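# Coordinate analysis (summary)
The lines below spell out each chain.
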Amino acid sequence: MKATATANSNIALVKYWGKRDKELILPMNGSVSMTLDKLFTKTTVEFSEKLAKDEFVLGGKKFAGNEDEFSEVKAFLDLVRQKAKTRARAKVVSENNFPTAAGLASSASGYAALALAAGKAAGLEPDAKELSMLARRGSGSASRSIFGGFVEWVKGKKKDGSDCYAKQIASPEHWPEFTMITTIVSSAEKKVKSRAGMAQTVANCPLYRGWLDSVDKDIADVKKGILQKDFSLVGRTAEHNCLKMHATMIATPPGIIYWQPSTMRIIHAVQAFRDEGLECYFTIDAGPQVKVMCLQKDAKKIEAKLNAIEGVKETHACKAGGKARLVQEHLF
Ligand code: PMV
């Protein structure tokens, strides 16, 4: 009844932004990501008849039960209990090796690790596809962190979500030169969480239709680029897709602006590096951090240049990482 799992975070090259079903977490559009080797969550779950209520500890902080994070984790545990036909309460202890909720995809690695650990602890035996569908119910992007390497989350068409899951496009070994340098410019928790931000965008953004009409082409181009190892095609498309997503956020009244001054400094720096002949591209999620894509041969030089930009606190040069997995060492 006790299990521990680790899952790596992932960064989308083509973003998920908008839900067609909030309860089942079904997306308006498909997405493609890279799983990162260096950023991960480790989670231990134990179901026990002896517990009077669920307990949740994240990064050493014990949640009292009235926080959004706690109700989301509890709702996820309810789903696992329903599938496993048990009423036992659970203790969940989780740790990230990077700042939580600041735009480094902690919900992706978090719910992927929770889905695997809770599923195992409750006696469920999901295959990887089913596990991605379970993780999806915690956080959409978590569906992609079940797999390593380069991953697609297919949006599906069915109302019940049975055709909406993640699958691997290419293994981590396929393209070891592809590097994603994550920068941290602020470790403050963001004001508008992606869940609320995307709901407001779908409801009120006059540009959202343009996003939906053009995203399938981005998916096709990024997948082609990954399979052919065409760095320019992947980078160019990913940067464009990110700017298009942020354009919809910014054009949602009242504007959702995740960028900080340091975010803008990095955007301009990356464009200047390119003008100097150093090929790199940026992508940004629902937060201020910028992730810079480049090839291994340029990674050291670009990382040093990024660290020299005002406001950059840390950088991590990541490669494509592995899948979510069970481990023996429990956190309690
Ligand atoms: O899975 P969520 O609810 O944290 O949403 C993730 C949204 C983005 O990070 C902005 C895009 C993505 O595809 O990861």
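Note that the structure is predicted; figures quoted are calculated from it, not measured. (Residues numbered from 1 in each chain as written. Predicted model: local features only at pLDDT ≥ 70, side-chain atom pairs only at ≥ 80, totals over all residues. Heavy atoms only, no water.)

### With respect to the sheet that holds strand 10 (residues 178-184)
Condition: In this description, strands pair whenever DSSP reports at least two bridges between them. By the criteria applied, helices consist of DSSP H or I runs no shorter than four residues and strands consist of E runs no shorter than two, each listed in order from the N terminus. Axis definition: a line fitted to C-alpha atoms, limited for helices to the stretch in contact. Angles are taken between N-to-C directions and run from 0 to 180 degrees. The contact criterion used throughout is that any non-hydrogen atoms of two residues lie within 4.5 Å.
Pairing is antiparallel across the open sheet formed by four strands, whose spatial order is 11-12-10-13. The two strands at the open ends of the sheet, each matched to only one other strand, are strand 11 (281-284) and strand 13 (314-318). Averaged over all pairs of adjacent strands, the angle between their axes in this sheet comes to 25°, without regard to strand direction. Bridge count between strand 10 and strand 12 (residues 290-295): five bridges; the pairing is antiparallel. Its bridge partner being in strand 12, Thr179 is matched across the sheet by Cys294. Sitting on the sheet, helix 7 (residues 261-275) touches strand 10, strand 11 and strand 12, and the angle it makes with strand 11 is about 160°.

### Focus on unusual backbone geometry
Note the threshold: For each residue, the accessible area found with a 1.4 Å probe, counting protein chains only, is set against the maximum for its type, and the residue is called buried under 20%, exposed over 50%, and partly exposed in between.
With an omega of -10°, the peptide bond running from Pro253 to Pro254 counts as cis. Tracing the backbone shows Pro254 in the loop between helix 6 (231-250) and helix 7. In this structure, Ile25 is a non-glycine residue whose phi angle is positive, near 50°. Tracing the backbone shows Ile25 in the loop between strand 2 (19-21) and strand 3 (26-27). The backbone phi angle of Lys85 is positive, close to 55°, even though this residue is not glycine. Summarising the element assignment, Lys85 is placed in the loop between helix 1 (68-84) and strand 7 (89-96). Its relative accessible area of 74% is what places Lys85 among the exposed residues.

### Focus: the domain arrangement of the protein
Operational definition: Start and end positions for the domains come from either an automated domain assignment or a database one. Summed over both partners, the accessible area lost on bringing two parts together, with a 1.4 Å probe, is the buried area. Salt bridges, as used here, are contacts in which a Lys or Arg side-chain nitrogen is within 4 Å of a carboxyl oxygen on Asp or Glu.
Examined at the domain level, the protein breaks down into domain 1 (2-172) and domain 2 (178-318). If you look at the interface, domain 1 gives 35 residues, while domain 2 gives 47 residues. Here domain 1 meets domain 2 over a buried area of about 3400 Å², counting both sides, of which 70% is carbon and sulfur. Looking only at domain 1, the three residues that lose the most surface to domain 2 are Leu13, Lys15 and Trp17, adding up to 25% of its buried area. The interface formed by domain 1 and domain 2 includes three salt bridges. Of the charged contacts, one joins Lys223 and Glu152 as a salt bridge, the two residues approaching to 2.8 Å between their closest N and O atoms. When residues of the side of domain 1 that touches domain 2 are traced back to their parent elements, those giving at least two are strand 1 (2-14), strand 4 (31-48), helix 1, strand 8 (150-153) and strand 9 (166-170).

### Some remarks on helix 4 (residues 194-204)
Residues separated by three or four positions in an α-helix point in the same direction, a consequence of the helix having 3.6 residues per turn. Heads up, the rule is: As used here, the arc belongs to the directions running from the helix axis to the C-beta atoms.
Inspection of helix 4 places Gly197, Met198 and Thr201 among the buried residues, and these make up the whole buried set. End-on view of helix 4: buried residues confined to an arc of 95°, all on one side of the axis.

### Section: the site of the ligand
Threshold: In this text, near means that some heavy atom of the residue lies within 4 Å of the molecule or strand in question. The term polar contact refers here to a pair of N or O atoms within 3.5 Å; inside protein, the definition further demands a hydrogen-donor-capable atom paired with an acceptor-capable atom, and it admits residues adjacent in sequence only when both atoms are side-chain atoms. Note that accessible areas follow from Shrake-Rupley with a 1.4 Å probe, and for residues the cover is restricted to the protein chains shown. Gly is put with the polar residues, along with every residue not named as nonpolar or charged; the nonpolar set is Ala, Val, Leu, Ile, Met, Phe, Trp, Tyr, Cys and Pro, and the charged set is Asp, Glu, Lys and Arg.
As a structural note, the neighbourhood of the ligand is formed by 14 residues, with Tyr16, Ser107, Ser139, Ser141 and Arg144 the closest of them. In the model, an oxygen atom of the ligand is placed 2.8 Å from a nitrogen or oxygen of the Arg144 side chain. Ser194 places a side-chain nitrogen or oxygen 3.2 Å from an oxygen atom of the ligand. Protein chains bury 91% of the 380 Å² of accessible surface belonging to the ligand in isolation. Of the residues in the shell around the ligand, the class split is six nonpolar, five polar and three charged. Counting contributing residues, the shell around the ligand receives three or more from each of domain 1 (2-172) and domain 2 (178-318).

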